[in-house]
Amino acid sequence: MRQVLAGLLLATAGLLAGCYAAQEQPLPDEVSDPKLDLVAHIRDNPQDLDAHADLLRLQIRAGDAEGAKGTVAHARKYNPQDFRALLLQAQYDRWQTDLLGAEKSLLAARDLAPDRLEPRVALAGLYNQTYLEGAELEQRRVALELCDAALRPEFALDYAFALAQMGRDGDARKAAEALVAGSARAHLLLAELALLAGTDAGAVEHTLAAVALEPAEPGNLQFAARLVCAVEDPAGLKPVFDGALAGQDRAEVRWTALFGLWMLAVRKAPAQALSGDADQWRQRLATMDPAHPDLLGRWWQLLKLDPARKAEAEAAGKVLQESSVGMPPEAPTMDALLDLWRAEDLLRLGAGRPCFEAVSQLEVRAPGIAGLRMLRVMALFKARDDTRCLAALDAWLGESEEPDEVLQTLRWWLLLRNSRGPEVLKDLESRQDAPGNARLWVEAVAKFHTYRGKS
């Protein structure tokens, strides 16, 4: 369970350490292919900002900070009144975790081109990554006003997702309902909101509609597969998995469909979870990807329920221990295991409040299951029940004899979400141990919260 949370937190940030100020420098003389042609072209065409952007992407991919700095400086020198040069500066600054510099460049780009979408979209992305949710929502609102009719559905949906992220479910639902004609993403947002409202039938209905609109999109089918364990009656989801197996060749889509059918079979006949239809679907999954963490973990959990399969359970457990997945919680009964899967998948689908309710019930019925406390904290975080989440984190950290980086990082993100950046920064600066990438990114965001607007 901790691996899941650690992955969630690390996915929040892509971090490369270091900070470089933008200075006017010549382009590098020695550049290895495939950058050589771009450098030659830019020297002859210094106003070609698309070429600068292509070169910058290659340099970032190669980790060439000095070369990237020179490319940005060259772009700005020869294009001082073009907002796109400032966007390149912001891209470089963000890569170097100079978030203050990135925002300054983006604001300057906005001022140079107040009617252009690109600076607004880039600002919204920066604010999304740094938990400035109100600022993100405002930029998405302005972008929606500026975009032309052809782009309006896409930008309206981005705005709806930003509303949902802030917990404004009613506003998000209203915005998404206006977009469902032809939009699979709008249907998935409405499915998530239906789960939050406790309307399982609505969640299934909108998921079916999303898959019908984009049957080859893996994300739609993945949502459906997780929904199997999250709703009371998932039988209506079977046609989307059957359809994917009949009409899709992509391995990712077919594996997801098989996983959904496996979960359906287990839920339909829990007593035969290790045999019959359920095991046939499981064997087909194993043929495609025997080391997939969802297959390994859930198969081991099922095996642990049958004393007669002890040897198989031990073998599956050994594979898990040797992998980077980690051991999932062990449930005492099939009912408890299905309830655990429901809580886990509700969290994966973004339904924090229902997940919290499921965990609370499970703690009463099967209190010995490992990982429930972590699930509970994560559900509170996702549900934006920040007061109770902070209290739970403080209590847990207070009990811990050794520092718990996962819990502490979640606490920092919670404080940042509540505009308490200076408190986070003070805590970080008081620590003596060497920070990892996750903490370095939290520190960059905390500095951004603390110092933006003060210079």
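The structure we're discussing is the one just above.
Procedures and definitions
- Residues numbered from 1 in each chain as written.
- Predicted model: local features only at pLDDT ≥ 70, side-chain atom pairs only at ≥ 80, totals over all residues.
- Heavy atoms only, no water.
- Disulfide = S-S within 2.5 Å.
- Salt bridge = Lys/Arg side-chain N within 4 Å of Asp/Glu carboxyl O.
- Helix = DSSP H or I, 4+ residues; strand = E, 2+ residues; numbered from the N terminus.
- Buried < 20%, exposed > 50% of the residue type's maximum accessible area, 1.4 Å probe, protein only.
- Polar contact = N/O pair within 3.5 Å; in protein donor to acceptor, adjacent residues only side chain to side chain.
- Contact = heavy atoms within 4.5 Å.
- Phe/Tyr/Trp six-rings, centres within 6.5 Å; stacked < 30°, edge-to-face > 60°.

### A word on the state of the cysteines
All told, the structure shown has zero disulfides when counted by the stated rule. Between Cys-355, a free cysteine, and Cys-389, which holds the nearest cysteine sulfur, the sulfur-to-sulfur gap is 12 Å.

### A look at the pattern of salt bridges
All told, the structure shown has 35 salt bridges when counted by the stated rule. Between Asp-54 and Arg-57 there is a salt bridge, and its shortest N-O distance comes to 2.1 Å. Of the two residues, Asp-54 and Arg-57 are both situated in helix H3 (residues 49–62); the distance of three residues between them amounts to about one turn of the helix. Given the relative accessible area of 42%, Arg-57 is considered partly exposed. A salt bridge links Arg-373 to Glu-399; the shortest N-O distance between them is 3.0 Å. In this pair, Arg-373 sits in helix H21 (residues 372–382) while Glu-399 sits in helix H22 (residues 386–399), placing the two residues 26 residues apart along the sequence. Residues joined by salt bridges that share partners form a network here, namely Arg-226, Asp-294, Arg-298, Glu-344, Asp-345 and Arg-348.

### Some words on the side chain of Arg-140
Looking at where Arg-140 falls in the secondary structure, it is placed in helix H8 (residues 133–146). Of note is the side chain of Arg-140, whose polar atom sits 2.9 Å from the side chain of Glu-136. Setting aside residues no more than four positions away along its own chain, Arg-140 makes contact with Ala-124, Gly-125, Asp-158, Tyr-159 and Ala-162.

### Remarks on the packing of aromatic side chains
Counted according to the given criterion, the structure contains four aromatic pairs. Between the aromatic rings of Tyr-92 and Trp-95, the centroid separation amounts to 6.0 Å while the plane-to-plane angle is 70 degrees, which identifies the pairing as edge-to-face. Taken together, the residues Tyr-92 and Trp-95, both in helix H5 (residues 83–95) and three residues apart, mark about one turn of the helix. Assessed through its relative accessible area of 1%, Tyr-92 is described here as buried. Taken together, a centroid distance of 5.6 Å and an interplanar angle of 10 degrees make the contact between Trp-255 and Phe-259 stacked. You can see Trp-255 and its partner Phe-259 sitting in helix H15 (residues 251–268), four residues apart, about one turn around the helix.

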